[in-house]
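Residues per chain, in single letters:
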Amino acid sequence: AQKITQTQPGMFVQEKEAVTLDCTYDTSDQSYGLFWYKQPSSGEMIFLIYQGSYDEQNATEGRYSLNFQKARKSANLVISASQLGDSAMYFCAMREESGAGSYQLTFGKGTKLSVIP
Amino acid sequence: DTAVSQTPKYLVTQMGNDKSIKCEQNLGHDTMYWYKQDSKKFLKIMFSYNNKELIINETVPNRFSPKSPDKAHLNLHINSLELGDSAVYFCASSSETQYFGPGTRLLVL
């Protein structure tokens, strides 16, 4: 069963508008973490934002915020004031403990965001 | 300063060859990883090393062998390359947050 679901394969947003990228997750763990990464066409994976399952406040990093709704198991990424440089693939990922103090990330299939001038 | 670096960035080779990809991190993290991203952009964990000890070994063919000479380095050696090995391979390291290298684009002809 898919643990991370990103239902939007592609999205368009007008420059300067806000956009929400959806992510739902499935876990029975009490302690987990959720990440968002950006992958531009150049290919690198850029860390954007992190939300721990016990964090009471939604994470924010500049124009990025994470709308964390624990009961609904959703962790949507909100990008405010979109810029042309925001055009990229966006991946949601969940941290799962894998023993000996390490963890692995399980990724969703990604959402391709295109910002229109 | 590059936090997680990989070499080479591009690798084009013939089927049946053996190749290695190197990874280094200067973040002082104890844990390093290899991920594979396929042509559909799906990312999947391959290996995880914590303090030079293998923690995860997902269902990866044994042609793939990770080697960690010290906790700052995690290399990936691939024997007898096959067409299906063509992908982008990402190294990563983590403490609370996981940081990725720039990726190695492997093309097997």
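As the structure is a computational prediction, the values presented were derived from the model and not from experiment. (Residues numbered from 1 in each chain as written. Chains lettered and ligands numbered in written order. Predicted model: local features only at pLDDT ≥ 70, side-chain atom pairs only at ≥ 80, totals over all residues. Heavy atoms only, no water.)

A. Region of interest: the layout of surface pockets. Of the pockets and cavities examined, the largest pocket occupies roughly 280 Å³. Looking at the largest pocket, it is lined by 19 residues, and the ones nearest its centre are Q39(A), P40(A), S41(A), M89(A) and K41(B). Broken down by secondary-structure element, the contributors of at least two residues to the lining of the largest pocket are β10 (88-99) and β12 (111-116) of chain A together with β9 (87-94) of chain B. Here the residues of the lining of the largest pocket are counted per class, giving 7 nonpolar, 8 polar and 4 charged. As a volume, the second largest pocket reaches approximately 210 Å³. Those elements that place two or more of their residues in the lining of the second largest pocket are β4 (31-37) and β5 (43-50) of chain B. Class assignment of the residues belonging to the lining of the second largest pocket gives a composition of 6 nonpolar, 2 polar and 6 charged. (1 Å grid on protein atoms, 1.4 Å probe; cavity = no way out; pocket = protein on both sides within 12 Å on 5 of 7 lines; lining within 4 Å. Points joined across faces, edges and corners; volume = space filled by probe spheres on them. Helix = DSSP H or I, 4+ residues; strand = E, 2+ residues; numbered from the N terminus. Nonpolar A, V, L, I, M, F, W, Y, C, P; charged D, E, K, R; others polar.)

B. Layout of the interface of chain A and chain B. Between chain A and chain B, the contact holds 23 residues from the first and 23 residues from the second. Between chain A and chain B, a total of about 1800 Å² is buried, with carbon and sulfur atoms accounting for 56% of that surface. Considering only the surface of chain A that becomes buried against chain B, M45(A), Y103(A) and F107(A) emerge as the three largest contributors, covering 29% of it. There are 1 salt bridge connecting chain A and chain B. The residue R95(A) makes a salt bridge to E96(B) at a minimum N-O spacing of 3.2 Å. Joining chain A to chain B, the criterion identifies 6 residue pairs in polar contact (both at pLDDT 80 or more). At the level of secondary structure, the elements contributing two or more residues to the side of chain A that touches chain B comprise β5 (33-39), β6 (46-52), β10 and β11 (102-107) of chain A. Residue classes in the side of chain A that touches chain B are distributed as 11 nonpolar, 9 polar and 3 charged. (Contact = heavy atoms within 4.5 Å. Buried area = accessible area lost by both parts, 1.4 Å probe. Salt bridge = Lys/Arg side-chain N within 4 Å of Asp/Glu carboxyl O. Polar contact = N/O pair within 3.5 Å; in protein donor to acceptor, adjacent residues only side chain to side chain.)

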